[in-house]
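In case you want the letters, here they are:
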Amino acid sequence: RKEVEQDPGPFNVPEGATVAFNCTYSNSASQSFFWYRQDCRKEPKLLMSVYSSGNEDGRFTAQLNRASQYISLLIRDSKLSDSATYLCVVNGWNNAGNMLTFGGGTRLMVKP
Amino acid sequence: GAVVSQHPSWVICKSGTSVKIECRSLDFQATTMFWYRQFPKQSLMLMATSNEGSKATYEQGVEKDKFLINHASLTLSTLTVTSAHPEDSSFYICSAWRQGAISAYEQYFGPGTRLTVT
């Protein structure tokens with residue numbers, strides 16, 4: 001089982017739609033959770049951290065369910081510019097200390 | 001915001017040669033930097049963790065003698081791909097830890113280096 005699993009998509013949605021992505025993680029000890037956005041041939045960029053109480057940033061809402069080891073991202077009123085791959089990221093540990101584990105990403109395509 | 005740069009952004013080299021990629025944190029000090037590799041349509045895979053002043057820690061399956069990492073200062077880490085082969089062609093991305101606004105460490109990524117080995 002992968003440490004961080006996401007539906008690869010693609011999700012094809014019209015402008016203005018609401019879309020939700022889900023992610024599950026296997027390490028119950030993980031404490032930090034993030035959603036990153038990656039455009040084609042570019043580096044990932046932090047979209048938002050995910051906190052236990054849930055958090056919202058404009059059109060984006062992130063939720064965390066520790067009991068189910070599940071993270072979600074909701075995008076309201078989709079824009080064409082939201083088209084990208086969304087990466088679910090969870091902290092973990094290796095011999096060097098803290099590290100991040102990336103999900104495979106969910107591709108979103110917003111159509112006019 | 002935190003800025004991480006990489007150089008070069010794109011490089012083509014012949015099989016058997018070595019390529020050095022630089023990663024710099026421009027407006028903060030980074031005691032820890034990370035090197036990732038991303039193949040087309042795949043997610044980022046951590047190659048190694050680079051700590052300033054000490055040896056890098058490599059992930060399982062990554063050859064430390066092939067991918068040499070040096071983190072000589074708090075703002076610079078380098079990755080050298082030695083004796084490159086076509087299968088080393090990939091997108092190499094570095095990142096650096098920076099403490100976020102709510103005491104959660106967040107990684108900031110460089111723009112990546114696209115390596116093509118012919």
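Bear in mind the structure is a predicted one, so any value in this text is a computation, not a measurement.

Chemist: Go over the overall build of chain A, please, and point to the residues and values.
Modeler: The helix and strand tally for chain A stands at zero helices and 11 strands. Here the C-alpha atoms of chain A give a radius of gyration of 14 Å, agreeing with the 13 Å that 2.2 N^0.38 yields for 112 residues. Taken along its principal axes, the extent of the C-alpha atoms in chain A is 45 × 30 × 25 Å. When each of the 112 residues of chain A is scored for burial, the buried share is 46%. Intrachain contacts of chain A at a sequence separation of at least 6 include 56% that bridge at least 24 residues. Accessible surface, chain A as shown: approximately 5500 Å² in total, 47% of it carbon and sulfur. Both charge centroids of chain A, one from 12 positive and one from 10 negative side chains, sit 4 Å from each other.

Chemist: Could you give an account of the pattern of salt bridges, with specific residues and numbers?
Modeler: Residue and element names in this part refer to chain A. On inspection of all chains with the given rule, the structure shows six salt bridges over all chains. In this structure, arginine 37 and aspartate 39 form a salt bridge, with 2.9 Å as the shortest nitrogen-oxygen distance. Aspartate 39 sits in the partly exposed class, given a relative accessible area of 32%.

Chemist: I'd like to hear about the interface of chain B and chain A, residue by residue, with values.
Modeler: Taken together, the contacts link 20 residues of chain B with 20 residues of chain A. Across the chain B/chain A interface, buried area totals approximately 1700 Å², and carbon plus sulfur atoms make up 60% of it. Sorting the residues of chain B by area buried against chain A places Ser43, Glu106 and Phe109 of chain B first, and these three jointly supply 25% of that buried surface. Between chain B and chain A we count zero salt bridges in total. Summed over the shared surface of chain B and chain A, the result is two residue pairs in polar contact (both at pLDDT 80 or more). Sorting the residues of the side of chain B that touches chain A by element identifies β4 (32-38), β5 (45-51), β9 (90-99) and β10 (105-109) of chain B as the ones contributing at least two each. Looking at which element gives the most residues to the side of chain B that touches chain A, the answer is β10 of chain B, with four residues. The residue makeup of the side of chain B that touches chain A, split by class, is 11 nonpolar, six polar and three charged.

Chemist: Run through the pairing of strand β8 (residues 70-75) of chain A, naming residues and quoting values.
Modeler: All names here are of chain A. Sheet topology places strand β3 (residues 19-25) next to β8; six bridges connect them, and they run antiparallel. The residue of β8 that forms the bridge with threonine 24 is tyrosine 70. Here strand β7 (residues 60-65) runs beside β8; their pairing, made up of six bridges, is antiparallel. Paired with alanine 62 across the bridge in β8 is leucine 73.

Conventions used here
Residues numbered from 1 in each chain as written. Chains lettered and ligands numbered in written order. Predicted model: local features only at pLDDT ≥ 70, side-chain atom pairs only at ≥ 80, totals over all residues. Heavy atoms only, no water. Helix = DSSP H or I, 4+ residues; strand = E, 2+ residues; numbered from the N terminus. Rg over C-alpha atoms; globule rule 2.2 N^0.38 Å. Buried < 20%, exposed > 50% of the residue type's maximum accessible area, 1.4 Å probe, protein only. Contact = heavy atoms within 4.5 Å. Areas by Shrake-Rupley, 256 points an atom, 1.4 Å probe, with all protein chains shown as cover. Lys, Arg positive; Asp, Glu negative; His and termini not counted. Charge placed at Lys NZ, Arg CZ, Asp CG, Glu CD. Salt bridge = Lys/Arg side-chain N within 4 Å of Asp/Glu carboxyl O. Buried area = accessible area lost by both parts, 1.4 Å probe. Polar contact = N/O pair within 3.5 Å; in protein donor to acceptor, adjacent residues only side chain to side chain. Nonpolar A, V, L, I, M, F, W, Y, C, P; charged D, E, K, R; others polar. Pairing = 2+ DSSP bridges.

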